[in-house]
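Summary of the model geometry
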Amino acid sequence: MMLSFFDQFLSPTFLGIPLIALALTLPWVLFPKPTTKWLNNRTVTLQSWFINRFTQQLLLPLNLSGHKWAALFASLMVFLLSLNMLGLLPYTFTPTTQLSLNMGLAVPLWLATVIIGMRTQPTVALGHLLPEGTPTPLIPVLIIIETISLFIRPLALGVRLTANLTAGHLLIQLIATAAFVLAPMMPTVAILTATVLFLLTLLEVAVAMIQAYVFVLLLSLYLQENV
Amino acid sequence: MIEKQTRFNQSVYDCLFLVAANALKGSSPLGAGLVQASRSLHTTSQSLAPVPSLPEKGGKVRHGIFPEEIFQLLYPKTGVTGPYMLGTGLLLYMLSKEIYVINHETIAALSIGTVIVYGVKKFGPDVAAFADKLNQDKVAKAQEVKDLAMTSLSQAIEEEKKEQWRAEGRSLLFDAKKNNVAMLLETNYRERLHMVTHEVKRRLDYQVALQDLNRRMEQEHMVNWVEKSVVGSITPQQEKESIAKCISDLKALAKSTQAMA
């Protein structure tokens, strides 16, 4: 089975059946339904604790009307985190490396925050386009710049996640290939490469968690501005 | 702040739980049907209570992923090393027949495998202890409430017993009070009696004094009148006569004394 470097980024199909739905819903299996029991087993306890703490921390700076987004943020975080972490296993497909998925998550959510801001408090939402304390001659230029920055946000959100994960996976593959090819020829160099690979894997684990967190954090910040 | 957070935690938890629980049922018009779709596969009749309790800990595994049941299954036929031989044989078979091809993903798999094993070995016990501590804290809180309730109830029992003992002594108290009151009444009565006699005696003394005064004044008046009348009745003739008599008496006395001497 010859693997090229593109195979891990192809949307998986099996005998013509697209498996993307399976890839997207697999993380659901890893999070058992919270029981009605008072004391749960370790898995459920830890997951509930994590979700509770995370949501509490994330919603701390939001005012009350932003708390409606609690379930969305928590589930998005858990979803992205599990997809990213599962993607680090070999021979797995990571849906978050696909720009389509990330833009599909980023654009509607960002647009929702903008529309909420424009509908409920249009003056305040438009006021964000001009930072406080700008000198008067700069105002027109700054408005244009801020508008561009506003519209770049969904793009940045989606592309950030895609690029980070794709780059990470690609790097792992490249360095693993280097180690694999060098192993019969120059074992010492191969061992060095393997060490680099180990460190890179550690980094990728961190990046997987951080990127998911950054995605949700930025969305909460956009919501904070507009709600 | 802490109550707000725990209430918030609880509400989020409940919200997520409800979302998870009702996701299937409420997700689509056919949602209710999806739950019933597998009903034909049920072997036993549905019974909601009493629910058998779920095991507290997960099944035993060896080397992190292989359930202990496999080892027990193979033990009668192949002994202790049976499953290991099976694993090694399978692996070598897949490698030699190139069913599994070693490529760069293998190296990547080794790398991530090292990271996972290292992470689990290093942080596993701590995380498990943390999860256990979360549950223990929950139990401890409930236990504290229970203990507090028990101590307060036993304290209430003690106080109730004390009150009952106090109630028994109340009859003694009543007797003492009755005695007190009786004594007070007696004292009061005696005082008033004394006062009455004193007043009566005063009035009688007054009358007696009045009578005495009357008599004395009469006496004095009478004596004065008698003296006055006697003094007034003494005429000058009588006065001379009495004086001459006195002188002659005196002379006679003087003669007799001279004679005696």
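Residues numbered from 1 in each chain as written. Chains lettered and ligands numbered in written order. Predicted model: local features only at pLDDT ≥ 70, side-chain atom pairs only at ≥ 80, totals over all residues. Heavy atoms only, no water.

Side note on the overall build of chain B
Applicable threshold: In this text, helices come from DSSP runs of H or I with a minimum length of four residues, and strands from runs of E with a minimum of two, each type numbered from the N-terminal end. Partly exposed residues are those whose accessible area sits between 20% and 50% of the maximum for their type, while under 20% is buried and over 50% is exposed, using a 1.4 Å probe and protein chains only. Residue-level accessible areas treat just the shown protein chains as cover; the underlying method is Shrake-Rupley with a 1.4 Å probe.
For chain B, the count of helices and strands is 6 helices and 2 strands. In chain B, which comprises 261 residues, the share counted as buried stands at 8%. Carbon and sulfur atoms form 65% of the exposed surface of chain B, whose accessible area is close to 22,900 Å².

Quick look at the packing of helix α3 (residues 70–87) of chain A against helix α7 (residues 187–226) of chain A
Residue and element names in this part refer to chain A. Using the following cut-off: Axis definition: a line fit to C-alpha positions, over the contact stretch in the case of helices; interaxial angles, taken between N-to-C directions, run 0 to 180 degrees. An angle below 35 degrees is treated as roughly parallel, one above 145 as roughly antiparallel, one from 65 to 115 as roughly perpendicular, and anything else as oblique. Each crossing is labelled by how the near helix is turned from the far one, with a counterclockwise turn of less than a right angle marking it left-handed and a clockwise turn marking it right-handed. Whether two residues touch is decided by their heavy atoms; if any such pair falls within 4.5 Å, the residues are in contact. Charged residues are taken to be Asp, Glu, Lys and Arg, nonpolar residues to be Ala, Val, Leu, Ile, Met, Phe, Trp, Tyr, Cys and Pro, and polar residues to be all remaining types, Gly included.
At their nearest, the axes of α3 and α7 sit 8 Å apart, and the two run at 160° to each other. Viewed along their axes, α3 and α7 adopt a mutual orientation that is roughly antiparallel. Both α3 and α7 take part in a crossing whose hand is right-handed. Residues Phe73, Leu76, Met77, Leu80, Leu81, Asn84 and Met85 of α3 form the contact with α7, whose participating residues are Val205, Ala208, Met209, Gln211, Ala212, Tyr213, Phe215, Val216, Leu219, Ser220 and Leu223. Each residue belonging to the contact of α3 with α7 can be placed in one class, and the counts come to 15 nonpolar, 3 polar and no charged.

Quick look at the pattern of salt bridges
Residues and elements named next belong to chain B. The condition is simple: When a carboxyl oxygen of Asp or Glu is within 4 Å of a side-chain nitrogen of Lys or Arg, the pair counts as a salt bridge.
Taken as a whole and assessed by the stated rule, the structure comprises 9 salt bridges over all chains. The shortest N-O distance in the salt bridge between Arg62 and Glu68 comes to 3.0 Å. Here Asp205 and Lys201 are joined by a salt bridge, their closest N and O atoms 3.5 Å apart. In this pair, Asp205 and Lys201 are both assigned in helix α5 (residues 104–233), 4 residues apart and thus about one turn of the helix distant. On the basis of relative accessibility, which here comes to 40%, the residue Asp205 falls in the partly exposed class. Three or more residues joined by partner-sharing salt bridges are found here, namely Glu199, Arg202 and Arg203.

What about unusual backbone geometry?
The phi angle of most residues is negative, glycine excepted, and most peptide bonds adopt the trans form. In this model, Tyr91 of chain A sits at a positive phi of 60°, which is unusual for a non-glycine residue. Looking at where Tyr91 of chain A falls in the secondary structure, it is placed in the loop between α3 and α4 (99–120). The backbone phi angle of Glu98 of chain B is positive, close to 55°, even though this residue is not glycine. Residue position: Glu98 of chain B is located in the loop between α4 (82–96) and α5. With relative accessibility at 53%, the residue Glu98 of chain B sits in the exposed group.

Quick look at the nonpolar core
Within soluble globular proteins, side chains that are nonpolar generally end up buried alongside one another. Rules: The definition of a nonpolar core used throughout is a set of buried Ala, Val, Leu, Ile, Met, Phe, Trp, Tyr and Cys residues joined through side-chain atoms within 4.5 Å.
Residues Phe73, Leu76, Leu80, Leu157, Phe215, Val216 and Leu219 of chain A are the most contacted members of the largest nonpolar core, which totals 29 residues. Secondary structure elements with two or more residues in this core: α2 (42–59), α3, α4, α6 (139–185) and α7 of chain A. It is α7 of chain A that contributes the most residues to this core, 7 residues altogether. Contacts of Leu219 of chain A, omitting those with residues within four sequence positions, involve Phe73, Leu76, Leu109, Trp110, Thr113 and Leu157 of chain A. Core analysis: the second largest hydrophobic core is formed by 13 residues, Ala176, Leu197 and Val205 of chain A together with Ile107 of chain B among them.

Some words on the UniProt feature "transmembrane region" (unreviewed entry) in chain A
All names here are of chain A. This is how the line gets drawn: UniProt positions are given in the numbering used here, feature names are shortened, and annotations may be inferred rather than shown by experiment.
Under the present numbering, the feature "transmembrane region" (unreviewed entry) in UniProt falls on residues 12–31, 69–89, 101–118, 138–159, 171–199 and 205–223. Between the C-alpha atoms that bound residues 138–159 the distance is 30 Å, and the span itself is 95% helix and 0% strand. Note that residues 171–199 is 97% helix and 0% strand, and that its end C-alpha atoms are spaced 12 Å apart.

A short note on the packing of aromatic side chains
Worth spelling out the cut-off: Only Phe, Tyr and Trp rings take part, Trp by its six-membered ring, and two of them pair if their centres are within 6.5 Å. Stacked means planes under 30 degrees apart, edge-to-face means over 60, and tilted covers everything else. We count a charge as sitting over a ring when the NZ of a lysine or the CZ of an arginine lies within 6 Å of the ring centre and within 35 degrees of the ring normal.
With the rule as written, the count across this model stands at 7 aromatic pairs over all chains. Taking the centre distance of 4.7 Å and the plane angle of 75° together, the rings of Trp49 of chain A and Phe130 of chain B count as edge-to-face. With Trp49 of chain A in helix α2 and Phe130 of chain B in helix α5, this residue pair bridges two chains. One aromatic cluster in this structure is built from Phe50, Phe54 and Tyr213 of chain A. It is Arg62 of chain B that lies over the ring of Phe71 of chain B; its NZ or CZ is 4.0 Å from the centre.

Re a nonpolar patch on the surface
For clarity, the threshold we go by: Each patch is built from salt-bridge-free residues with over 30% relative accessible area, joining like charges within 9 Å and nonpolar side chains (Val, Leu, Ile, Met, Phe, Trp, Tyr) within 5 Å.
A contiguous nonpolar patch, built from Phe180, Val181, Met185, Met186 and Val189 of chain A together with Leu91, Leu92, Leu95 and Ile102 of chain B and spanning about 780 Å² of accessible area, is present on the exposed surface. Put simply, the parts of the chain that give the nonpolar patch at least two residues each are α6 of chain A together with α4 of chain B. Considering the arrangement of structural elements, one finds Phe180 of chain A in helix α6. Given a relative accessible area of 31%, Phe180 of chain A falls into the partly exposed group.

Let's talk about the side chain of Thr106 of chain B
As a reminder of what qualifies: A 3.5 Å cut-off defines polar contacts: any pair of N or O atoms within that distance qualifies, except that in protein one atom must be a possible hydrogen donor and the other a possible acceptor, and neighbouring residues in sequence count only when both atoms are side-chain atoms.
Looking at the element boundaries, Thr106 of chain B is found in helix α5. By relative accessible area, Thr106 of chain B is classed as buried at 14%. Reaching out from Thr106 of chain B, the side chain makes a polar contact with the side chain of Tyr100 of chain B at a distance of 3.0 Å. Discounting residues that sit within four places of it in the chain, Thr106 of chain B has contacts with Tyr91 of chain A together with Tyr100 and Val101 of chain B.

Here's the deal with the packing of α6 of chain A against α7 of chain A
Residues and elements named next belong to chain A. Two numbers describe how α6 lies on α7: the axes approach to 9 Å, and their chain directions differ by 170°. Viewed along their axes, α6 and α7 adopt a mutual orientation that is roughly antiparallel. For the contact of α6 with α7, the class distribution of residues is 25 nonpolar, 5 polar and 4 charged.

Some words on the interface of chain B and chain A
The test is simple: Buried area is understood as the total, over both parts, of accessible area removed when two parts are fitted together, assessed with a 1.4 Å probe.
If you look at the interface, chain B gives 38 residues, while chain A gives 39 residues. Summed over both sides, the interface between chain B and chain A buries roughly 3,600 Å², with carbon and sulfur atoms accounting for 72% of that surface. On the surface where chain B and chain A come into contact, there are 1 salt bridge. A salt bridge links Arg42 of chain A to Asp132 of chain B, with the shortest nitrogen-to-oxygen separation between them at 2.8 Å. At the boundary of chain B and chain A, one finds 9 residue pairs in polar contact (both at pLDDT 80 or more). Considering every element that reaches the side of chain B that touches chain A, the biggest residue donor is α5 of chain B, with 21 residues.

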